[in-house]
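The chain contents come next:
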Amino acid sequence: MKTCKEVLMQGETIVLDKREKRRLAGEYPDLCLTCGTCAGGCPVTGVDGLDMRKAVRMALLGLDQELVDSRFPWICTLCGRCEEACPMNIDLLKMMRSARTLRDRDKVPGVMHKGVEMCLKTGNNVGIPKEDYLFLLEDLGAELAEELPGFEVPVDKKGARIMVTINSKEPFAEPEDMFFWWKIFYAAKESWTTTSENWEGVNWGLFTGDDDSMKEIVRRIVENYKKLECEYLLLPE
Amino acid sequence: MSVHDLLKEYIESGRIKIDKSKHPELTTYHDPCNYARKSEKTFGHGYYEEPRWITQQCVDNFVDMHPNRRNNYCCGGGGGAWAMPYAEERIHYGRVKAKQIKDTGAKLLVAPCHNCRDQIMKSLRQEYDFMDVEVKYLWELVADSLVIDGVDNKEE
């Protein structure tokens, strides 16, 4: 490895050298003025000794793997406050999400990658079987009909105005929270439907940096939407 | 179509009727990163005013947190953090949000995002001692405020 002095002696600049090795930096972090505005407004600045300003330096200096291996891109919530404040408009979120993308899939923290795989396999993140799901919707619909006469949950209704996805945590753990939207649709006399397959509204590929899976999950939702000839698609997330 | 556009359409057009007296308490609204500044950046429109308008159709006493809208602080549960194993860091993150909420003095907090609602309701309230603040989804607030013709609108 060359020393800094040798690099400078040869007339190369450290920052722009060997760009091909910097998978995270792209071209934007080159613009960083190291002002620290990003880190100054971030609630997790200092966790694990890192912050957004340091993350940019790491990407720029070619310490990609160190950043990819660190917890910081996952403790960052991708909230975008840093990017909003950056005077140089550096694409900080894209950089952090790329760091997530470059993690081996079996090293994605927690359940999210398993959820993505489950969603691709079963159509929802928690693997609720179709029959159980349809039974639950019918059962809950009948329960709500005691309060709202004639209510039922429309499934795969062709030509409905609105197609609705569902957050799997609700059928899985908080089923009665689905009543809120159902009551509103009932009161508005809305023409709506949900679907018997690929109804998951939570796309964890967004968070794990998995573009291919994310696109496939979206594609299936759009396929349902086109097949049922609905006017609007509503993802109540 | 966004939840905000739809709820606004229902209320504006009179398709649903709302009773404000069901939520007399001082109420505040949390801007989720995704509906607010990230929507503005990605789609050219941040949902700042629509949810505030919808909330204020359901409540009379409204107060904003500071900072808010484009400059709002994340609840700490975003980006998948709610589903990640770093609970200590997630709670540490949320301290700013918790202080923002407590500083308003509101007793009802409205959030139009599953992640934000869960992080604030199930975690931050216990960790930062504001169990007296009720947390509702935006559509939960609307559903709980509904007046439906021909139906006995009993209190939930």
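Calculation notes
Residue numbers restart at each chain and count upward from 1, following the sequence in its written direction. All chains are assigned letters beginning at A, and all ligands numbers beginning at 1, according to the order in which they are written. Local features in a predicted model are, by the rule used here, given only for residues with pLDDT of at least 70; side-chain atom pairs are given and counted only at 80 or more, and totals for whole chains, interfaces and linings are based on all residues. Working from all heavy atoms in the structure, the side-chain values ignore hydrogens and water. Numbering of helices and strands starts at the N terminus; helices are DSSP runs of H or I of at least 4 residues and strands are runs of E of at least 2. Remark: exposure states derive from per-residue accessible area (1.4 Å probe, protein chains only) relative to the maximum for the residue type, with buried under 20%, exposed over 50%, and partly exposed in between. Contact definition: two residues touch when any of their heavy atoms are within 4.5 Å. A 1.4 Å probe and the Shrake-Rupley method give the accessible areas. Residues count as covered only by the protein chains that appear here. Fitted lines through C-alpha atoms give the axes, limited to the stretch in contact for helices. The angle between two N-to-C directions lies from 0 to 180 degrees. Crossing handedness follows the turn of the near helix against the far one: under a right angle anticlockwise gives a left-handed crossing, and clockwise gives a right-handed one. Gly is put with the polar residues, along with every residue not named as nonpolar or charged; the nonpolar set is Ala, Val, Leu, Ile, Met, Phe, Trp, Tyr, Cys and Pro, and the charged set is Asp, Glu, Lys and Arg. In this description, a nonpolar core means a group of buried Ala, Val, Leu, Ile, Met, Phe, Trp, Tyr and Cys residues linked to one another through side-chain atoms lying within 4.5 Å. Take the residue count of a helix, subtract one, and multiply by 1.5 Å to get its expected span. In this analysis the local bend is the angle between axes fitted, respectively, to the seven residues ending at and the seven residues starting at the residue. What counts as a domain boundary in this text is fixed by an automatic or database domain assignment. Buried area: the accessible area, evaluated with a 1.4 Å probe, that two parts lose upon being put together, summed over both parts. For this analysis, a salt bridge means a side-chain nitrogen from Lys or Arg found within 4 Å of a carboxyl oxygen belonging to Asp or Glu. The term polar contact refers here to a pair of N or O atoms within 3.5 Å; inside protein, the definition further demands a hydrogen-donor-capable atom paired with an acceptor-capable atom, and it admits residues adjacent in sequence only when both atoms are side-chain atoms. Only strands joined by at least two bridges in the DSSP assignment are considered to pair. Consider the strands pointing away from the viewer: the crossover is right-handed when the path from the first strand over the helix to the second runs clockwise.

A. How the structure looks around the overall build of chain A. From N to C terminus, chain A includes 13 helices and 3 strands. Counting across all 237 residues of chain A, residues that qualify as buried make up 50%. Considering only contacts in chain A between residues 6 or more positions apart, those separated by 24 or more positions represent 74%. A total accessible area of about 11,600 Å² is found for chain A, and carbon and sulfur atoms account for 55% of it.

B. Local environment of the packing of helix H8 (residues 112-122) of chain A against helix H13 (residues 211-227) of chain A. Residues and elements named next belong to chain A. Taken N-terminus to C-terminus, the directions of H8 and H13 make an angle of 35°; their axes are 10 Å apart at the nearest point. Judged by the twist between their axes, the crossing of H8 over H13 is left-handed. Each of Val-116, Cys-119 and Leu-120 in H8 lies in contact with H13, whose residues at this interface are Ser-213, Glu-216, Ile-217 and Arg-220. Residues belonging to the contact of H8 with H13 are distributed by class as follows: 4 nonpolar, 1 polar and 2 charged.

C. Looking closely at the nonpolar core. Within the largest apolar cluster, 47 residues are counted, with the highest numbers of intra-cluster contacts made by Trp-181, Trp-182 and Ile-184 of chain A together with Trp-139 of chain B. Secondary structure elements with two or more residues in this core: helix H9 (130-145), strand S1 (162-164) and helix H11 (179-188) of chain A together with helix H1 (3-12), helix H3 (49-58), strand S3 (108-111) and helix H7 (138-145) of chain B. Considering every element that reaches this core, the biggest residue donor is H11 of chain A, with 8 residues. Residues within four places of Trp-182 of chain A in sequence aside, it is in contact with Leu-137, Leu-140, Gly-141, Leu-144, Phe-151, Val-153 and Trp-192 of chain A. If you look at the next biggest cluster of nonpolar residues, it comprises 37 residues, including Cys-32, Leu-50 and Ile-90 of chain A together with Tyr-93 of chain B.

D. Structural context of helix H6 (residues 114-127) of chain B. All names here are of chain B. The end-to-end C-alpha separation of H6 is 19 Å, in line with the 20 Å expected for 14 residues at 1.5 Å each. Of all bends in H6, the biggest is about 35°, found at Ile-120. For H6, the buried fraction is high: 11 of the 14 residues fall into the buried class. Looking at H6, one finds that the buried residues are His-114, Asn-115, Cys-116, Arg-117, Asp-118, Gln-119, Ile-120, Met-121, Ser-123, Leu-124 and Arg-125. Count one or two residues on from H6 and you reach Asp-129, which has phi positive near 60°.

E. Examining the domain arrangement of chain A more closely. Residue and element names in this part refer to chain A. The domains assigned to chain A are domain 1 (4-103) and domain 2 (129-234). Each partner contributes residues to the interface: domain 1 has 4 residues there, and domain 2 has 8 residues. Buried surface at the junction of domain 1 and domain 2, both sides included, amounts to about 410 Å², of which 36% is carbon and sulfur. Among the residues domain 1 hides against domain 2, the three largest losses belong to Arg-97, Arg-100 and Thr-101. Together they make up 83% of the total. Where domain 1 meets domain 2, there are 1 salt bridge. The interface formed by domain 1 and domain 2 holds 5 residue pairs in polar contact (both at pLDDT 80 or more) in total. A total of 3 residues in the side of domain 1 that touches domain 2 trace back to one element, the largest contributor, which is helix H7 (residues 92-101).

F. Representation of the pairing of strand S4 (residues 134-137) of chain B. Residues and elements named next belong to chain B. Direction of pairing for S3 relative to S4: parallel, over a ladder of 4 bridges. Within the sheet, the bridge partner assigned to Ala-111 lies in S4 and is Tyr-137. Traced from S3 through H6 to S4, the parallel crossover comes out right-handed.

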